[in-house]
Amino acid sequence: MAMKPEDTFPEPQWQALLALLDATVPSIQVVDSLPPGDNHLCISQEQFNTSYDDIQRAMKHPPSREAFQKYLATRPSDNPMFIKLVKKTIGALPQGPKLQLYRVLSLMMTRLRSLISTGYSTPFHRQSVTVREAILRSWKHSWFFVWPSLARTFIQLGTLAWGPSDQIFQGLTGYKTYVTEVYRSVPASAIDFNFIKLDSVTAEPIELETDIIIVGSGCGGGVCAKVLAEAGHRVLIVDKGYYTPPSEFPIKPDSMKLLFDNGGVLSNTDGSIVIGAGSCWGGGGIINWSVSLPLLDFVRKEWADVHGLKFFNSSDLRDSFDRVSNFLGLLKDPEHSHANRVLLEGSKKLGWRAKTCPTNTITGHKCGSVCANGCRESNKQSPAVSWLPAAVKAGAQCIEGFEVSEVLFEEGRDGLKKATGISGKWTPREEDGSIGDTPKPESRRLNPNIGKNLHLHPCCPVIALFDKDPPGWEGQIITSAVTEFENLDGKGHGPRIEPMATSIVPAMWQIPWHDGLQFKTDALKHRQMNAFMSHNRDRDSGSVTADPNDGSPIVAYTASAFDRANTVVGMVGIAKLCYIQGASEIPPMVHNLARFRTNKPIGDRRIDDAGFADWLAGLQAADLNPSSAVFASAHQMSSYRMSTSPATGVVDEHGKVWGTEALYIADASVFPSASGDNPMITIMAIADYIARGISRHM
């Protein structure tokens, strides 16, 4: 039985946490109309007028003064939905981070520890919201890395729960209308996978026999299942995630655990990278942004020549790319949203290389940014509507909710370990739709390279405001990419520039936080916002290991100085493109750099304009220090990398784990290094090649 989120902490710790989060998006009152109080931030009439004038300039459809004042006055902890989202987010965390958060809150509730951490002997949660907000600001800019990390944690938790839960905010921006229209669309029909139901009550082990077990139903597992089932093999697909029918898409923010590992709140050990990883039936293909690009030529050459994997120069690889692309029926000329036109048209003006990106969608795909939470009309060809149904049609069997804890072995030929099966725990979806606790996995390493060489494609966002309609959350997310800077060092490392989804959750992460009034004012500009990312092919790597207590991933990865510098190059490129294409504001997520504002006519703009060039110099000087910058990763690669020797990797060029028989890996973890491009099609092509090789040798 899964633990209820409200049982995670005792009530005093919950109250302390909510007091912290109230300071991230505080209730704001004009002092002329109300005396100061502990639960609202006081501003002068002049400050109010300045903020209101700001949104009138920035928004095409600004609210009335009265509506703006009512919006500012709302307090997050007065909203039951906000509290529910916070508790679900905390409940989805692994045990280690939960315990750390509990200890931090408990320490701050004592006078001595509060004095050390805040400078006040009065415990944090008993301070006025004015003092609480000031403490968060001081933490954010502290020289000691612990405090910026804590500030980032609480600010992200508060803003990411506030945006989806505040109905006044969503009504004023028009986002509520957009989401309502998406849910009114007719969903695609559910697919019957005829999932095997096991007996979750009996204490006796249950045994099932099959020819091939595929663990994971994502882009690699789905392809392997189809190829091997159609070749006549008995195939069983198991996944710890669960199938979600299209009628439940897009998944709402309070149900992220149905789609994302850790409910979407996974991060690295220092908190500088937010990691999005699919954990559902269909895997990352359910939540990805549809980009369907083949492997870059210079990356393919590196993998073949530098890593010695000749397969990447072979016709077999080209055939696999052709097969998966033809099966999906890629849309090669998708319609471009405003953000995608900014990149393509701006690049043309500047003489930069850029391209249209094919997508795994059909013409007319229109659910917009929320497609990242599942495509309601199944117009995105995720594994759950393409590869997996084809595998089932060919005879494959499926089990959802099965957490694998161990691969079983027996002694094979020449002293090799032969994989003979798996063991784990099956958890049925509970009546309320939640997911139960997962078992602790066994930790036995077959190869010292397992978990090493991790690449994450770290990316940093830049947002810009434009005087345009339709809003930035409409249209396909990524249909273009700027490739001008993707090979800065001559060895294939550098950033590419792509748009980002601006649905409510990512938007709250993309908007910089400096103080409560600034954040609430900027959040209202959501409709006018386009977001872009400097998406970096990282040269340097990290590692991932399993927590010995609960098996959750411990990601030891911090973007290196080399990769951070490349990311800045991409951010500068984004700023230039947005400026030349008419942006009125560019508020960067960079410490101590003010936003850029201009009302200069678009036809009069030049990249070397004095005011813009001066501001750009500040952006170019940013070092994206891990204690203050915020990165994101949607692509986790290379931790079981393919190699020519067990001394340098985990699998051979056929996907077989070194030192074993009958154990193969076929997903992004076998990439020899970062792919640079969005990896979906490369994963599928490699999986197609590996699965066909398995079939030939059975």
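This write-up is about the structure you can find in this document. Keep in mind it's a predicted model, so treat the numbers as computed, not measured. (Residues numbered from 1 in each chain as written. Predicted model: local features only at pLDDT ≥ 70, side-chain atom pairs only at ≥ 80, totals over all residues. Heavy atoms only, no water.)

## Some thoughts on a nonpolar patch on the surface
Among the surface-exposed residues, W143, F144 and F145 lie close enough to one another that they form a single nonpolar patch of about 440 Å² accessible area. Its location among the elements puts F144 in the loop between helix 7 (129-140) and helix 8 (146-165). Assessed through its relative accessible area of 33%, F144 is described here as partly exposed. (Patch = residues over 30% accessible without salt bridge, like charges linked within 9 Å, V, L, I, M, F, W, Y side chains within 5 Å. Areas by Shrake-Rupley, 256 points an atom, 1.4 Å probe, with all protein chains shown as cover. Salt bridge = Lys/Arg side-chain N within 4 Å of Asp/Glu carboxyl O. Helix = DSSP H or I, 4+ residues; strand = E, 2+ residues; numbered from the N terminus. Buried < 20%, exposed > 50% of the residue type's maximum accessible area, 1.4 Å probe, protein only.)

## Observations regarding the side chain of K468
Within the secondary structure, K468 is located in the loop between strand 11 (459-465) and strand 12 (480-482). A polar side-chain atom of K468 sits 3.2 Å from the main-chain carbonyl oxygen of P470. Aside from chain neighbours lying at most four places away, what touches K468 is K60, H338, R527, Q528, M529 and N530. (Polar contact = N/O pair within 3.5 Å; in protein donor to acceptor, adjacent residues only side chain to side chain. Contact = heavy atoms within 4.5 Å.)

## Remarks on the nonpolar core
With 77 residues, the main nonpolar core has L17, I90, W139, F154 and W162 as its most contacted residues. Counting residues per element, this core draws most heavily on helix 8, at 7 residues. In this structure W162 touches V25, Y71, P76, F82, F169, M508, F519, K520 and A523, once residues within four positions along its chain are discounted. (Core = buried A, V, L, I, M, F, W, Y, C linked by side-chain atoms within 4.5 Å.)

## Concerning the sheet that holds strand 9 (residues 402-411)
If you trace the 3 strands from one edge of the open sheet to the other, you get 9-10-20, paired in mixed fashion. The open sheet is flanked by strand 9 and strand 20 (660-661), the only strands paired with a single partner. (Pairing = 2+ DSSP bridges.)

## Comments concerning the packing of helix 11 (residues 219-230) against helix 21 (residues 680-696)
Contact geometry of helix 11 with helix 21 gives a least axis separation of 8 Å together with a crossing angle of 35°. Considering only the axes of helix 11 and helix 21, their crossing is right-handed. For the pair helix 11 and helix 21, contact is made by C219, G220, V223, C224, V227 and L228 and by M680, I683, M684, A687, D688, A691, R692, I694 and S695, respectively. Here the residues of the contact of helix 11 with helix 21 are counted per class, giving 11 nonpolar, 2 polar and 2 charged. (Axes fitted to C-alpha atoms, helices over the stretch in contact; angles between N-to-C directions. Left-handed = near helix turned anticlockwise from the far one by under 90°. Nonpolar A, V, L, I, M, F, W, Y, C, P; charged D, E, K, R; others polar.)

## Notes on the sheet that holds strand 8 (residues 397-400)
Across the sheet, which stays open at both edges, the 3 strands sit in the order 3-4-8 with parallel pairing between neighbours. Of all the strands in the sheet, just strand 3 (212-215) and strand 8 have a single pairing partner and so form its edges. With direction set aside, neighbouring strand axes in the sheet form an average angle of 20°. Across 4 bridges, strand 4 (residues 235-239) lies against strand 8 in parallel orientation. Considered in strand 8, the bridge of L236 is made with Q397. Contacting strand 3 and strand 4, helix 11 runs over the sheet at an angle of about 165° to strand 3.

## Structural notes on the side chain of E400
Structurally, E400 can be placed in strand 8. A polar atom in the side chain of E400 sits 2.8 Å from the backbone nitrogen of Y243. Setting aside anything within four residues of it in sequence, one finds E400 in contact with F195, D239, G241, Y242, Y243, W426 and R429.

## So, the pairing of strand 13 (residues 494-499)
For strand 13, the tally of buried residues reaches 6 of 6 residues, placing the bulk of the element in the interior. For strand 13 and strand 14 (residues 529-537), the ladder comprises 6 bridges, and the chain directions are antiparallel. From the neighbouring strand, P499 faces strand 14, where its bridge partner is F532.

## Here's the deal with the packing of helix 1 (residues 11-22) against helix 8
Interhelical geometry of helix 1 versus helix 8 gives an angle of 80° and a closest axis separation of 9 Å. Between helix 1 and helix 8, the interaxial angle falls into the category roughly perpendicular. Within the contact between the two elements, helix 1 uses L17, L20 and L21 and helix 8 uses F154, L157 and G158. A per-class count over the contact of helix 1 with helix 8 returns 5 nonpolar, 1 polar and no charged. (Parallel < 35°, antiparallel > 145°, perpendicular 65-115°, else oblique.)

## Things to note about helix 19 (residues 561-580)
Relative to the 28 Å expected for 20 residues at 1.5 Å per residue, helix 19 spans 29 Å between its end C-alpha atoms, a close match to the ideal helical length. In terms of residue burial, helix 19 counts as a mostly covered element, since 15 of its 20 residues are buried. After helix 19 finishes, the residue G582 shows a positive phi value of roughly 100°. (Expected span 1.5 Å × (residues − 1).)

## Looking at helix 11
At 3.6 residues per turn, the α-helix brings residues three or four places apart onto the same side. For helix 11, with 12 residues, the first-to-last C-alpha span of 17 Å sits near the 16 Å given by 1.5 Å per residue. With 11 of its 12 residues buried, helix 11 lies for the most part within the structure. Of the residues making up helix 11, those classed as buried are C219, G220, G221, G222, V223, C224, A225, K226, V227, L228 and A229. Structurally, helix 11 contributes buried residues whose contacts are with strand 3, strand 4, helix 12 (284-287), helix 14 (315-328), helix 16 (387-393) and helix 21. G232 sits one or two residues past helix 11 and shows a positive phi near 95°.

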